[in-house]
Amino acid sequence: MHKHFLALSDYNKDELFSWIQRAVTLKAEAVAGIRHQQLAGKTVCLLFEKHSTRTRVSFEAAMYGLDGQVVFMSARDSQLGRGEPLKDTARVLGRYVHALVVRTFGQNVVEELAHYAGIPVINALTDLYHPCQILSDLMTVLEKKGRLEGLNIAWIGDGNNMANTWIEAAAIFGFNLKLACPKDYSPEAEVLGRAQAKAPGRIELLQDPQVAIAGADVVNVDVWASMGQEAEQQARLAHFKDYQLNDVLLAKADSKAIVLHCLPAHRGEEITDEVLEGSQSEVFDQAENKMHLHKALLEHFILQAA
Ligand code: CP
Ligand code: NVA
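All of the points below concern the structure found in this document.

Procedures and definitions
Residues numbered from 1 in each chain as written. Chains lettered and ligands numbered in written order. Predicted model: local features only at pLDDT ≥ 70, side-chain atom pairs only at ≥ 80, totals over all residues. Heavy atoms only, no water. Near = heavy atom within 4 Å. Polar contact = N/O pair within 3.5 Å; in protein donor to acceptor, adjacent residues only side chain to side chain. Areas by Shrake-Rupley, 256 points an atom, 1.4 Å probe, with all protein chains shown as cover. 1 Å grid on protein atoms, 1.4 Å probe; cavity = no way out; pocket = protein on both sides within 12 Å on 5 of 7 lines; lining within 4 Å. Sits in = over half its atoms within 2 Å of the grid points. Nonpolar A, V, L, I, M, F, W, Y, C, P; charged D, E, K, R; others polar. Buried < 20%, exposed > 50% of the residue type's maximum accessible area, 1.4 Å probe, protein only. Helix = DSSP H or I, 4+ residues; strand = E, 2+ residues; numbered from the N terminus. Pairing = 2+ DSSP bridges. Right-handed = clockwise from strand over helix to strand, strands pointing away. Phe/Tyr/Trp six-rings, centres within 6.5 Å; stacked < 30°, edge-to-face > 60°. Core = buried A, V, L, I, M, F, W, Y, C linked by side-chain atoms within 4.5 Å. Contact = heavy atoms within 4.5 Å. Axes fitted to C-alpha atoms, helices over the stretch in contact; angles between N-to-C directions. Parallel < 35°, antiparallel > 145°, perpendicular 65-115°, else oblique. Left-handed = near helix turned anticlockwise from the far one by under 90°.

Looking at the site of ligand 2
- Close to ligand 2 lie Leu-125, Asn-160, Asn-161, Asp-222, Val-223, Ser-226, Met-227, Cys-262 and Leu-263, which account for all nearby residues.
- Asn-161 places a polar side-chain atom, nitrogen or oxygen, 2.9 Å from an oxygen atom of ligand 2.
- Relative to its unbound accessible surface of 270 Å², ligand 2 loses 94% to contact with the protein.
- At a threshold of 2 Å from the grid points, most atoms of ligand 2 map onto the largest pocket.
- Residues of the shell around ligand 2, tallied by class, amount to 5 nonpolar, 3 polar and 1 charged.

A closer look at the pairing of strand E3 (residues 99-103)
- For E3, a buried count of 5 out of 5 residues is recorded, marking the element as mostly surrounded by other parts of the structure.
- Of the two faces of E3, both are covered, the one formed by Ala-99, Val-101 and Arg-103 as well as the one formed by Leu-100 and Val-102.
- Note that strand E1 (residues 43-48) and E3 share 5 bridges and pair parallel. Residue pairing for E3: Leu-46 is matched across the bridge by Val-101.
- In this sheet, strand E4 (residues 121-123) lies alongside E3 in parallel orientation, the contact comprising 3 bridges. In the sheet register, Leu-100 faces E4, and the bridge partner there is Val-121.
- Assessed by its sense of winding, the connection that carries the chain from E3 through helix H4 (residues 107-117) to E4 is right-handed.

Observations regarding the site of ligand 1
- Around ligand 1 sit Ser-52, Thr-53, Arg-54, Thr-55, Arg-103, His-130, Gln-133, Cys-262, Leu-263 and Lys-290, and that is every residue in its neighbourhood.
- Contact between ligand 1 and Thr-53: an oxygen atom at 2.7 Å from a main-chain N or O atom of the residue.
- Leu-263 is positioned with one of its backbone polar atoms (N or O) 3.0 Å from a nitrogen atom of ligand 1.
- For ligand 1, the accessible surface in isolation is 260 Å², of which the surrounding protein chains cover 95%.
- More than half of the atoms belonging to ligand 1 lie within 2 Å of the grid points that define the largest pocket.
- Its residues placed into classes, the shell around ligand 1 shows 2 nonpolar, 5 polar and 3 charged.

A closer look at the packing of aromatic side chains
- Within this structure, the stated rule accounts for 11 aromatic pairs.
- A centroid spacing of 4.8 Å and a plane angle of 55° characterise the contact between Tyr-185 and Phe-240, whose relative ring orientation is tilted. One end of the pair, Tyr-185, is in the loop between strand E6 (176-180) and helix H7 (189-198); the other, Phe-240, is in helix H9 (residues 233-240), with 55 residues separating them in the sequence. In terms of burial, Tyr-185 and Phe-240 fall into one category: buried.

Some words on the nonpolar core
- Counting 62 residues, the largest nonpolar core has Phe-5, Leu-135, Leu-138, Trp-166, Phe-175, Ile-203 and Leu-298 as its most contacted members.
- Considering each element in turn, this core owes the most residues, 9 residues, to helix H6 (residues 161-173).
- In contact with Leu-138, other than residues within four places in its own chain, are Ile-20, Leu-148, Trp-166, Ala-169, Phe-173 and Phe-175.
- Ala-154, Trp-224, Phe-240 and Ile-271 belong to the second-largest nonpolar core, a separate cluster that totals 23 residues.

Details of the packing of H6 against H7
- In contact at an axis separation of 8 Å, H6 and H7 are set at 15° when each is read in the N-to-C sense. With respect to H7, the axis of H6 lies roughly parallel. You can see that H6 and H7 cross each other, and the crossing is left-handed. On the side of H6, the interface is formed by Asn-164, Ile-167, Glu-168, Ala-171 and Ile-172, while H7 contributes Val-191, Leu-192, Arg-194, Ala-195 and Lys-198.
- Residues belonging to the contact of H6 with H7 are distributed by class as follows: 6 nonpolar, 1 polar and 3 charged.

A word on the side chain of Lys-27
- Here Lys-27 lies in helix H1 (residues 13-31).
- Relative accessible area serves as the criterion here: at 15%, Lys-27 is assigned to the buried category.
- Side chain to side chain, Lys-27 and Glu-143 meet in a polar contact 2.7 Å long.
- Reaching out from Lys-27, the side chain makes a polar contact with the side chain of Asn-289 at a distance of 2.8 Å.
- Lys-27 has contacts with Met-139, Glu-143, Glu-288, Asn-289 and His-292, leaving out every residue within four places of it along the chain.

Structural data, given as structure tokens:
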């Protein structure tokens, strides 16, 4: 059994599905006013090198909601920002807390922390993957559509960390995934190749958003320039201008299609205000589900390590 949560592909469908189901239960119990105390006496450290609103607050609220404690540290304010090696930081933090939730640039950073920390490390976004986000997005799809297998899911835009993780999810859960990405903005070739080789459904990389969205049950979009790509923002606007999710493009999806966006959104760029605020948008239920899913992850990984 793996101790860390760094990538979806480290787990099988049953394991990932059990965390989604647990999140559904925890959500129902929260609605019913049931108090949880299973992480009493436990502390998690959030170590973030990039900005965050949802992931930070949903992890903190999740931990407090299970009666645990949180220490937040931005890498900039820590000795990491002054060059202390990761392997020393990992071993020290591993003596203080019961799990690390890490948002950073390279996937190698979460891997190195996991190697040295001696406690579970959870990937809260790297340049390569955003596994916690896709798990809670799958929970939202399940809530709205009642199933994952056999669904047609579209990804319109950048072949970024979110796209890479949707690709891994498609290979594991067996839905069909069509991605439309501009030339030169494709997802990681290695991630795509590995997923296509084992996927029970179809994973197709296209360039035309109209083809990718045709008949889709779920439509996903994300920013055109991710964190760390701010200098490319202007150049990217030109390359992505035909990839905006607006009413005309959305009309090509199934009439009951739902729209997901992990947020933050840039209205008028990757998505119009009308679509984001429209009846098919589920982005705020999607954001809420991050907290329930994070409870399930914290409970599993911290109690497993205890
Ligand atoms: N969706 C998401 O990860 O949002 P934040 O960057 O605000 O955490
Ligand atoms: N692709 C985006 C996701 C933000 C939650 C980024 O990495 O900035």
